[in-house]
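Coordinate analysis (summary)
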Amino acid sequence: MGHDRPGVDLHIHSTASDGTLPPVDIVREARVLGLAAIALTDHDTLEGVRTASAAGAGGHPAILTGVEISTEPPEGFPGGGSLHVLGYGVDLDHVDLNRELETLRGAREDRNPRILERLGSLGIDLTPEDVAFHAPDGAAGRPHIAQAMIRKGYVATFEEAFDRYIGKGKPAYVDKYRVSGLDAIALIRSAGGIAVLAHPGLTVGNDGDRLADLLAALLPFGLGGLEVYYPEHDPEQTALFEAAARQHGLLMTGGTDFHGQIKPGIRMGSGRGDFHVPFRVYEDLVEALDTHRSNT
Ligand code: AMP
Ligand code: ZN
Ligand code: FE
Ligand code: FE
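None of the values given here were measured: they were computed from a predicted structure.

1. Considering the coordination of the iron ion (ligand 4)
Of the protein atoms, only His11 (NE2), His13 (NE2), Glu68 (OE) and Asp257 (OD) coordinate the iron ion (ligand 4), at distances of 2.0 to 2.2 Å. One chain supplies every donor for the iron ion (ligand 4), spaced along it as H-x1-H-x54-E-x188-D. Between the iron ion (ligand 4) and the zinc ion (ligand 2) the interatomic distance amounts to 4.6 Å. Remark: Asp257 occurs in the loop between β9 (251-254) and α11 (279-294) and His13 occurs in the loop between β1 (8-12) and α1 (23-32); sequence separation between them is 244 residues. Given the relative accessible area of 4%, Asp257 is considered buried.

Laid out in structure tokens, this is it:
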């Protein structure tokens, strides 16, 4: 299946959060795959973007700054716990944004001892070092705990770790501080970026009414886009999100949520092979960022 325009991938995780490829390797891999543009969107950190931008400056692929913030959904939207907000084109040195991201990383690390304690009482003995082994470059979180559980033979798969122990509502789950989704959007905007609702299908499924409710809460705070193109969205969902983006004048973005080894089968730029992010999505985002910056 040929596409006449180069590929882009605007949702990628590196070892700066819970991906397994270092930022520099991601840039190299994207180049090998012939991608025209990528955005690194690590959870609650810009550190990987700093490294990748330095490594890939001025070359191919073009690199957009990005971040994926784990937020508290608006009132009346309990859903599945966390609402992920992507920030594109943010100023890497924005003080308030960096301070909030630091707080979020601290909250993630602070809860690890409590998760390990609960796991211990369930007969699963892991040390902080066992976990840190899987997070050499960034704040450790549940994905790294899951990897440690696999490595030590307590579970066979990532899914088993979450489904039996550390997923929300399971015996070793511990909640953590999250910034409100509305504050995250405002912060991304004040850092010169555009805020995009990540993988809406994971939050609202294909329920148009739920999507409308969520957008009604987020739009007044300056939500700028919807991640329409995502490997786990089925055609019905993609159509729903395209229509909503058109209706509200939102940008459409897309990416694979590449994490390396912990999401096996997902390839940068093409997901499971039959996925593709339209190039115009990247062009539109760059144009919107130019406009946004010249207005601030
Ligand atoms: P943390 O921010 O440390 O709580 O980790 C959250 C991350 O864990 C998410 O971004 C996902 O990558 C992963 N995750 C959360 N829930 C699950 C689940 N049920 N199955 C697999 N991965 C999950
Ligand atoms: Zn992740
Ligand atoms: Fe996410
Ligand atoms: Fe992600």
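2. Some words on the site of ligand 1
Around ligand 1, the structure places Asp18, His43, His84, Arg108, Arg111, Gly141, Arg142, Pro143, Phe158, Glu159, Phe162 and Lys176. In the model, an oxygen atom of ligand 1 is placed 2.8 Å from a nitrogen or oxygen of the Arg108 side chain. Look at ligand 1: alone it shows 500 Å² of surface, and the protein chains cover 75% of it. Of the pockets mapped on this structure, ligand 1 occupies the largest pocket. Here the shell around ligand 1 gets three residues from one element, more than from any other, and that element is helix α6 (residues 158-166).

3. Looking at the layout of surface pockets
Computed from the structure, the largest pocket encloses a volume of approximately 1200 Å³. His43, His84, Arg142, Phe162 and Leu202 are, among the 44 residues lining the largest pocket, the residues nearest its centre. Among the secondary structure elements, those contributing two or more residues to the lining of the largest pocket are β4 (66-72), β5 (83-88), α3 (95-121), α5 (142-151), α6 and α8 (200-204). Split by residue class, the lining of the largest pocket holds 13 nonpolar, 16 polar and 15 charged.

4. Here we look at the coordination of the zinc ion (ligand 2)
Within the protein, the atoms that donate to the zinc ion (ligand 2) are Asp18 (OD), Asp18 (OD), His43 (NE2) and His259 (NE2), at distances of 1.9 to 2.6 Å. Every donor counted, the four donor atoms about the zinc ion (ligand 2) form angles of 52 to 134° at the centre, which fits irregular coordination. Mapping the donors of the zinc ion (ligand 2) onto the primary sequence yields the spacing D-x24-H-x215-H. A separation of 6.0 Å is found between the zinc ion (ligand 2) and the iron ion (ligand 3).

What counts and how
Residues numbered from 1 in each chain as written. Chains lettered and ligands numbered in written order. Predicted model: local features only at pLDDT ≥ 70, side-chain atom pairs only at ≥ 80, totals over all residues. Heavy atoms only, no water. Donors = N, O, S within 2.8 Å, 3.2 Å for Na, K, Ca; no water. Helix = DSSP H or I, 4+ residues; strand = E, 2+ residues; numbered from the N terminus. Buried < 20%, exposed > 50% of the residue type's maximum accessible area, 1.4 Å probe, protein only. Near = heavy atom within 4 Å. Polar contact = N/O pair within 3.5 Å; in protein donor to acceptor, adjacent residues only side chain to side chain. Areas by Shrake-Rupley, 256 points an atom, 1.4 Å probe, with all protein chains shown as cover. 1 Å grid on protein atoms, 1.4 Å probe; cavity = no way out; pocket = protein on both sides within 12 Å on 5 of 7 lines; lining within 4 Å. Sits in = over half its atoms within 2 Å of the grid points. Points joined across faces, edges and corners; volume = space filled by probe spheres on them. Nonpolar A, V, L, I, M, F, W, Y, C, P; charged D, E, K, R; others polar. Tetrahedral: all angles 85-135°; square planar, octahedral: opposite > 155°, others 65-115°.

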